[in-house]
Amino acid sequence: MISITTSDKQLTQQAKELAQHWGFNFSESLQTQDQFFLELTPQHLQLIQSGKHSPGPIYIDFSSGQVAHRRLFGGGKGQTMAKAVGLNKHFDLTILDATAGMGKDAFVFASLGAKVILMERSPISAALLTDALQRASMEDTISDIISRMNFIFGDARKLTTEKQPQIEDEISLDNSIPQLKEEPDVVYLDPMFPHRKKSALVKKEMLAFQSLIGDDKDSDELLSVCLHLAKKRVVVKRPIKAPYLNAQKPSLSMNMKKHRFDIYLKL
Ligand SMILES: C[S@@+](CC[C@H](N)C(=O)[O-])C[C@H]1O[C@@H](n2cnc3c(N)ncnc32)[C@H](O)[C@@H]1O
């Protein structure tokens, strides 16, 4: 089990609460033998990997860096990803990002006007993501975008199409079967793909998550569930040479340099 720690005494109680909330160990000391641990700082929650070739602290920041650059200069509704989900033609889409990860793709969709439901099953990613969403909701420049992003913790393969129960608290940790109050127009999937470790294309950050969370070997099953859930289409992001998910040929594919989007249209 991963540990969470803090060197700031004023944050000890908050770190303990996070540990209890997400099922982490609380550790008094930063001196850990663990390969991975979480650290709560006054700025954010971050994932640390120890060892020589590890990346620096990993945390999510929607207001600056790469994510902010992509929001401002990423090509808006003309970018391939926006076209793949249909945001170039429809402005009021509800998109379920069923493999939310670091929330980067979800943030792009929300910044283009979509209402996005983010689903993530790893407590580590979920903790980093909710921390980032909470912080970003207080930033004037992006708070309206964040207000269109709602997080659900759980396995998207268990989502049902039943419409009855409402999600009372979408940032809830209730492990019961998650249900959506409405069927999404689009379901977006970007499952972890088993990369060759030495590939120059694979960033250290992604490798860290891969060794911590593992490959999403059950994503074939996820596609089947999502094809039932989506009203209009399911879009799957894949490395350019990867086979189709579930060996299922999409209606069409849109290629980028390193990735492609396989689009399964619902008729
Ligand atoms: C490659 S990452 C997604 C990155 C994301 N698109 C982004 O922009 O940051 C894949 C994530 O999907 C999550 N995941 C895979 N299968 C899932 C499922 N059935 N339910 C919920 N989360 C899932 C994994 O835990 C992992 O964090």
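Here the structure is a predicted model, which is why all the values come from computation and not from measurement.

Rules behind the numbers
Residues numbered from 1 in each chain as written. Predicted model: local features only at pLDDT ≥ 70, side-chain atom pairs only at ≥ 80, totals over all residues. Helix = DSSP H or I, 4+ residues; strand = E, 2+ residues; numbered from the N terminus. Buried ≥ 20, exposed ≤ 12 C-beta atoms within 10 Å, placed from the backbone. Contact = placed C-beta atoms within 7 Å. Pairing = 2+ DSSP bridges. Near = placed C-beta within 6 Å. Nonpolar A, V, L, I, M, F, W, Y, C, P; charged D, E, K, R; others polar. Axes fitted to C-alpha atoms, helices over the stretch in contact; angles between N-to-C directions. Right-handed = clockwise from strand over helix to strand, strands pointing away. Core = buried A, V, L, I, M, F, W, Y, C linked by C-beta atoms within 7 Å. Domains from an automatic or database assignment. Arc of directions from axis to C-beta.

Caption draft 1: Structural view of the overall build of the chain. Secondary structure assignment for the chain yields 8 helices and 11 strands. Burial status across the chain gives 36% buried among its 267 residues. Considering only contacts in the chain between residues 6 or more positions apart, those separated by 24 or more positions represent 58%.

Caption draft 2: A look at unusual backbone geometry. Within the chain, Asn-246 stands out as a residue other than glycine whose phi angle is a positive 55°. Here Asn-246 is to be found in the loop between strand S9 (233-239) and strand S10 (252-255). Of note, Ala-247 is a non-glycine position whose phi angle comes to about 50°, a positive value. Topologically, Ala-247 is positioned in the loop between S9 and S10.

Caption draft 3: Structural view of the sheet that holds strand S1 (residues 3-5). Within the open sheet, the 4 strands sit side by side as S2-S1-S3-S4. Their pairing is mixed. For this open sheet the edge positions go to strand S2 (25-26) and strand S4 (45-49), each flanked by a neighbour on one side alone. Here 5 bridges tie strand S3 (residues 36-40) to S4, and the two strands are oriented antiparallel to one another. By the bridge assignment for S4, Leu-40 is matched with Leu-45.

Caption draft 4: Structural detail: the site of the ligand. Surrounding the ligand, one finds 22 residues, the nearest of these being Thr-99, Gly-101, Met-102, Lys-104 and Asp-105. Residue assignment for the shell around the ligand shows that the elements contributing at least two residues are helix H4 (104-111), strand S6 (115-120) and helix H8 (219-229). Of the residues that constitute the shell around the ligand, the class distribution is 8 nonpolar, 6 polar and 8 charged.

Caption draft 5: Examining the sheet that holds strand S11 (residues 259-265) more closely. With mixed pairing, the 7 strands of this open sheet are ordered in space as S7-S6-S5-S8-S9-S11-S10. The open sheet is flanked by strand S7 (149-153) and S10, the only strands paired with a single partner. Adjacent strand axes in the sheet meet at a mean angle of 20° when their direction is disregarded. As paired strands, strand S5 (residues 94-97) and S6 are joined by 4 bridges and run parallel to one another. By the bridge assignment, Asp-97 is partnered in S6 with Leu-118. H4 contacts S5, S6, S7 and strand S8 (186-189) of the sheet and is inclined by roughly 170° relative to S6. Contacting S5, S8, S9 and S11, H8 crosses the sheet at an angle of about 170° to S8.

Caption draft 6: Summary view of the pairing of S5. In this fold, S5 hands off to H4, which returns the chain to S6; that crossover is right-handed. The pairing of S5 with S8 spans 3 bridges and is parallel. Looking at the pairing, Leu-96 lines up with Val-187 of S8.

Caption draft 7: A look at the nonpolar core. Among the nonpolar cores identified, the biggest contains 68 residues, and Val-85, Phe-109 and Leu-129 are the most heavily contacted of them. Counting the residues that make up this core, at least three belong to each of domain 1 (3-42) and domain 2 (65-265). Filtering out sequence-adjacent residues up to four positions away, Leu-129 remains in contact with Ile-60, Ala-100, Met-102, Gly-103, Leu-118, Glu-120 and Phe-151.

Caption draft 8: Representation of H8 in the model. Listed in full, the buried residues belonging to H8 are Ser-219, Leu-222, Leu-223 and Cys-226. The arc that holds every buried residue of H8, seen down its axis, measures 105°, which confines them to one face. Those residues of H8 that are buried are in contact with S8 and S9.

Caption draft 9: Inspection of the environment of Asn-246 at higher detail. We classify Asn-246 as partly exposed; it has 14 C-beta atoms within 10 Å. In sequence terms Asn-246 and Asp-220 are 26 residues apart; their C-alpha atoms lie 4.4 Å from each other.

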